[in-house]
Amino acid sequence: MQNIVDELYIAENLSDDELMYLIQTNEYDELLFTKAERRRKEIYGTDVYIRGLIEFTNYCKNDCYYCGIRRSNKNASRYRMSAEEILSTCEDGYRLGFRTFVLQGGEDPYFTDERVCEIVSKIREKFSDCAITLSIGEKSRASYQAFFDAGANRYLLRHETASEAHYKRLHPEEMKLSNRKRCLFDLKEIGYQVGAGFMVGSPFQRPENIVSDLRFLQELKPDMIGIGPFISHSETPFGQGEYENGSLSLTLRLISILRLMFPYALIPATTALATIDSKGRELGIKAGANVVMPNLTPEKDKGKYLLYDNKICLTEESALCREITDSKINSIGYNVVVSVGNPKRKLTTENKE
Ligand code: 5AD
């Protein structure tokens, strides 16, 4: 059976049944963690890349059943940051050593393509040595192209689940998995570094759904793969009692599986992981993750971007948040680097890294 773990290097060789077995058993966890950590060190050493997360609007026209900023949550206190605030947050972030800014928000119609492009080009002009990541949901190909032309070069859009039937149980009728996939392939074709991913332990998720997620990722070949446990939010349809949070152990196992299947991928130890366990971030790194995304959102709005309950780091100011991140990462023998943090793909003639 150790073979199964070895074969993850070439996961195409594993059958769906074998993958499903590996997802469900804790028998190989030690072996998985050890091999994933070794593989990660071969490629990324002990470096941990940081991304400064700026949650610039929590207005959203969507109504995803799991998400606290869904439009039907009338109790959410809504905010949007101005272009000036976003820019000055980037300045603070730059001073703190961030070389990637992630502009994340709900799908907020106020932020038209024109407004997004204006903000992106201002950031691009000021911070030519930084990566600009957008995470603002499903758009037309033309919009993605316009953002790219304005200077954005990365895009995060989790596919959430690659199974049609499961997708329908997490989203209202008007949202379509096919469109989500279309977006991801458009983004890749345009030239973005793309991040996909899914929640672990989302309601109704079955092991076979996770196998589909892994297969979809093999097809998409994203640069970044973000996974984190589902955490219920009390003001959503999944907020009441019977919907359990995703587990730490399954999330860590999947991080290791992802590292072995996609050795060059950027894999964050997510805030959701750090929320369900006080050591979640460190354990995520040790399981094979190589990115953390501290929150740079200014204090007055930080507490309002609540996708799920009990989110951590809601009161610290960004500088402190950065220090805490540093010391936690150092404590496990890794180190945060001041770098744009591109993926190290295999050496090819076009891509010498
Ligand atoms: N628990 C965990 N993760 C969530 N997300 C949204 N709602 C929740 C929740 N309740 C994740 C989604 C989304 C990302 C920004 O946050 O996967 O893509």
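Residues numbered from 1 in each chain as written. Predicted model: local features only at pLDDT ≥ 70, side-chain atom pairs only at ≥ 80, totals over all residues. Heavy atoms only, no water.

1. A few points about the sheet that holds strand β9 (residues 335-337)
The strands making up a sheet are joined through hydrogen bonds of the backbone, oriented either antiparallel or parallel.
Piece 1. The strand order across the open sheet formed by three strands is β8-β1-β9, and the pairing between neighbours is parallel. What marks the edges here is a single partner per strand, and that holds for β8 (291-292) and β9.
Piece 2. Bridge count for strand β1 (residues 47-50) against β8 is two bridges, and the pairing is parallel. By the bridge assignment for β8, I50 is matched with V292.
Piece 3. Its contacts with the sheet place helix α14 (residues 318-331) against β1, β8 and β9, and it is angled at close to 130° to β9. (Pairing = 2+ DSSP bridges. Helix = DSSP H or I, 4+ residues; strand = E, 2+ residues; numbered from the N terminus. Contact = heavy atoms within 4.5 Å. Axes fitted to C-alpha atoms, helices over the stretch in contact; angles between N-to-C directions.)

2. Things to note about the site of the ligand
Piece 1. Around the ligand sit Y66, C67, R158, E160, M199, P229, F230, I231, L307 and Y308, and that is every residue in its neighbourhood.
Piece 2. With respect to the ligand, the backbone of I231 contributes an N or O atom lying 2.7 Å from a nitrogen atom.
Piece 3. Burial of the ligand by the protein amounts to 87% of the accessible area it has alone, namely 410 Å².
Piece 4. A breakdown of the residues in the shell around the ligand according to their chemical character gives eight nonpolar, no polar and two charged. (Near = heavy atom within 4 Å. Polar contact = N/O pair within 3.5 Å; in protein donor to acceptor, adjacent residues only side chain to side chain. Areas by Shrake-Rupley, 256 points an atom, 1.4 Å probe, with all protein chains shown as cover. Nonpolar A, V, L, I, M, F, W, Y, C, P; charged D, E, K, R; others polar.)

3. Thoughts on unusual backbone geometry
Piece 1. We note that K221 has phi near 50°; this positive angle belongs to a residue other than glycine.
Piece 2. By the secondary structure assignment, K221 is in the loop between α9 (207-220) and β7 (224-229).
Piece 3. Of note, the phi angle at N310 is positive, near 65°, even though the residue is not glycine.
Piece 4. Turning to its location among the elements, N310 is positioned in the loop between α13 (299-302) and α14.
Piece 5. Among the residues examined, N310 registers a relative accessible area of 66% and is labelled exposed. (Buried < 20%, exposed > 50% of the residue type's maximum accessible area, 1.4 Å probe, protein only.)

4. Here's the deal with the sheet that holds β7
Piece 1. On the basis of which strands lie adjacent, the open sheet formed by six strands has the order β2-β3-β4-β5-β6-β7 and parallel pairing. With partners counted over all chains shown, the strands left at the sheet margins are β2 (52-57) and β7, one partner each. Adjacent strand axes in the sheet meet at a mean angle of 20°, parallel and antiparallel pairs treated alike.
Piece 2. By the bridge criterion, five bridges tie strand β3 (residues 100-105) to strand β4 (residues 131-135) in an arrangement that is parallel. Residue pairing in the sheet places L103 in a bridge with L134 of β4.

5. Comments concerning the nonpolar core
Piece 1. Judged by nonpolar contacts, the single largest core of 90 residues is most densely connected at F101 and I123.
Piece 2. When residues in this core are grouped by element, the largest group, eight residues, is from helix α10 (residues 248-261).
Piece 3. Those residues in contact with F101 that lie beyond four places of it in its chain are G52, I54, C90, G93, Y94, I123, F127, C130, A131, I132, T133 and L296.
Piece 4. Core analysis: the next-biggest nonpolar cluster, separate from the first, contains eleven residues, V102, M224, L266 and M293 among them. (Core = buried A, V, L, I, M, F, W, Y, C linked by side-chain atoms within 4.5 Å.)

6. Describing the confidence of the model for the chain
Piece 1. For the chain, the average pLDDT comes to 94, and 96% of its residues sit at 70 or higher.
Piece 2. The low-confidence segment residues 349-353 (pLDDT under 50) makes eight contacts with residues lying over four places distant or belonging to another chain. (pLDDT = per-residue confidence, 0-100.)

7. Some details on the packing of aromatic side chains
Piece 1. Tallied over the entire structure, the rule returns 14 aromatic pairs.
Piece 2. Summarising the aromatic geometry, the rings of F185 and F216 are spaced 6.2 Å apart at their centres and angled 90° between planes, so their arrangement reads as edge-to-face. Of this pair, F185 sits in helix α8 (residues 177-190) while F216 sits in helix α9; the two residues are 31 residues apart in sequence, bridging distant segments of the chain.
Piece 3. With a relative accessible area of 26%, F185 lands in the partly exposed category.
Piece 4. Judged by relative accessible area, which is 4%, F216 ranks as buried.
Piece 5. Here F230 and F238 contribute two aromatic rings whose centre-to-centre distance is 6.4 Å and whose plane-to-plane angle is 85°, an arrangement assigned as edge-to-face. Each member of the pair, F230 as well as F238, carries the same accessibility label: buried.
Piece 6. Between the NZ or CZ atom of R99 and the centre of the ring of Y94, over which it lies, the distance is 3.5 Å.
Piece 7. One Lys or Arg, R322, reaches over the ring of F98 and ends 5.9 Å from the middle of that ring. (Phe/Tyr/Trp six-rings, centres within 6.5 Å; stacked < 30°, edge-to-face > 60°. Lys NZ or Arg CZ within 6 Å of the ring centre and 35° of its normal.)

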